[in-house]
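Residue-level structure breakdown
Read off the chains here:
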Amino acid sequence: MEVLSSYEKNRLTVIFTGFLFLYFLSATINAQENCNTIEGLEFICGVNQAEDLLRVPNSNFVIASGRISDTEGQIYAIDKNSRAVSELFPLNALEAKHDTENFGSCPTSINVFQPHGISIREMGQNSYLLYVVGHGYREAIEVFHLEINDDLPSLQWVGCVEAPDGVERFNAVTVLPNSKIAVTHLPPSGSPNRGSGEVWEWSNSDGWEIVEGSQMPGPNGIVASSDGSTLFVAAYLGTSLKKLSLQDSSRSIQAETIYSIDNIRWSDEGELLLAAHDRDCTPRGGCSNSSATHLLRANPTNLEIETIRVIPVLDVFPVGTVVIDVDDEYWVGGIAGTDRIAIFR
């Protein structure tokens, strides 16, 4: 075996380092060039299939749940001012610290799963619990401690709530008062139960219970009122928006639409923001391809719906799944292979 001299080794190191610099510089320039405005939409690139987005209360950050396969994905933080993207999980995550008092039935921590719906609970100044619907190794709500120190976010796994028997696939989650959560169950494509589904509520003391009157075709997005007395749920396969009272199911109402509504978010003005698709879905789960993403707002009192904007199918952004307002902008997350978040005013 020929032995290289110290000079030759250093020379090769310099050449290789220079090659890597040029390679990544070229990739960065190419990504920036491909991130240009299209159809009046600006983009934040470098976020893999952000199925869900949420604003972190009293902070400059937006959290995104990304996916790279059916069993893997990332959780990102995006600075709303600089638009800088940071991966918080699995890369850069703090060492797991199991909270056995609140999540004692969770068997073990995991560092590989596909994140889906997300919700957040403010625990104190710059301290939060992030609830993430997770698929892959197990079907569960994975729970993280999110902390922001010196305007830098960090994420630490603290527990999970495994899905109860009878749940095939969770979709979206929302926090409720008293450390409770509510989660939608949407059976996957190919399941004999496709077209059914319901909302489940969980507490540490009572475990899982089905919310009375919550059965519907394909429950998808979900948010709760600030006092936790009302749930707003999207029946994706039933093309309707439902308002469920947790105190009296007879007071629940629904609004029929022509759209399949995906995720739901609260706006700063107290309206419901909806990302929806025109797929002609049937209650049993048959759907055509969507020609556009319809971004809507709904009045939480009477569920009257109006259109904010329609985004056509784009090669770089085929389908949007969630819309949030960030100051004077709307941010839209999406899937189907996109690597970016769309933004408009």
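Before going into details, it helps to say that this report is about the structure given with it. (Residues numbered from 1 in each chain as written. Predicted model: local features only at pLDDT ≥ 70, side-chain atom pairs only at ≥ 80, totals over all residues. Heavy atoms only, no water.)

Looking at the sheet that holds strand 18 (residues 260-266)
- As summarised here, the arrangement of the four strands in space is 18-19-20-21, forming an open sheet in which the pairing is antiparallel. Each having just a single partner strand, strand 18 and strand 21 (305-312) make up the two edges of the open sheet. Ignoring which end each strand starts from, the neighbouring axes of this sheet average 25 degrees apart.
- Pairing of strand 18 with strand 19 (residues 272-277) involves five bridges; the strand directions are antiparallel. Each bridged residue has a counterpart across the sheet, and for S260 the counterpart in strand 19 is H277. (Pairing = 2+ DSSP bridges. Helix = DSSP H or I, 4+ residues; strand = E, 2+ residues; numbered from the N terminus. Axes fitted to C-alpha atoms, helices over the stretch in contact; angles between N-to-C directions.)

Some remarks on the nonpolar core
- By size, the foremost hydrophobic cluster in this structure holds 23 residues, and its most contacted members are V56, I63, I75, L130, F144, L146 and L155.
- Of all the secondary-structure elements, those providing two or more residues to this core are strand 3 (61-65), strand 4 (75-79), strand 5 (85-89), strand 6 (114-124), strand 7 (127-135), strand 8 (140-149) and strand 9 (152-162).
- Leave out the neighbours within four places in its chain, and L146 touches V56, I63, L88, I120, N126, S127, Y128, P153, S154 and L155.
- Counting residues in hydrophobic clusters, the runner-up holds 17 residues, among them Y131, V143, V158 and W200. (Core = buried A, V, L, I, M, F, W, Y, C linked by side-chain atoms within 4.5 Å. Buried < 20%, exposed > 50% of the residue type's maximum accessible area, 1.4 Å probe, protein only. Contact = heavy atoms within 4.5 Å.)

Comments concerning the state of the cysteines
- As enumerated under the stated definition, the model contains three disulfides in all.
- The disulfide partner of C281 is C287, and the S-S distance across this bridge is 2.1 Å. In this structure, the disulfide formed by C281 and C287 twists by about 115 degrees around the S-S bond and is classed as right-handed. (Disulfide = S-S within 2.5 Å.)

Notes on the sheet that holds strand 12 (residues 198-203)
- The strand order across the open sheet built from four strands is 10-11-12-13, with neighbouring strands paired in antiparallel fashion. Two strands bound the open sheet, and with one partner strand each, they are strand 10 (170-176) and strand 13 (207-210). Between one strand and the next, the sheet's axes are offset by a mean angle of 25 degrees, whatever the strand orientation.
- Judged from the four bridges that link them, strand 12 and strand 13 form a sheet pairing that is antiparallel. Note on strand 13: the bridge partner recorded for W202 is W208.

Regarding the pattern of salt bridges
- Applying the stated criterion across every chain, the model contains 11 salt bridges.
- The residue E42 makes a salt bridge to R83 at a minimum N-O spacing of 2.8 Å. Of this pair, E42 sits in strand 1 (residues 42-45) while R83 sits in the loop between strand 4 and strand 5; the two residues are 41 residues apart in sequence, bridging distant segments of the chain.
- R83 sits in the partly exposed class, given a relative accessible area of 22%.
- Overlapping salt bridges bring together E42, R83, E329 and R345 as one network. (Salt bridge = Lys/Arg side-chain N within 4 Å of Asp/Glu carboxyl O.)

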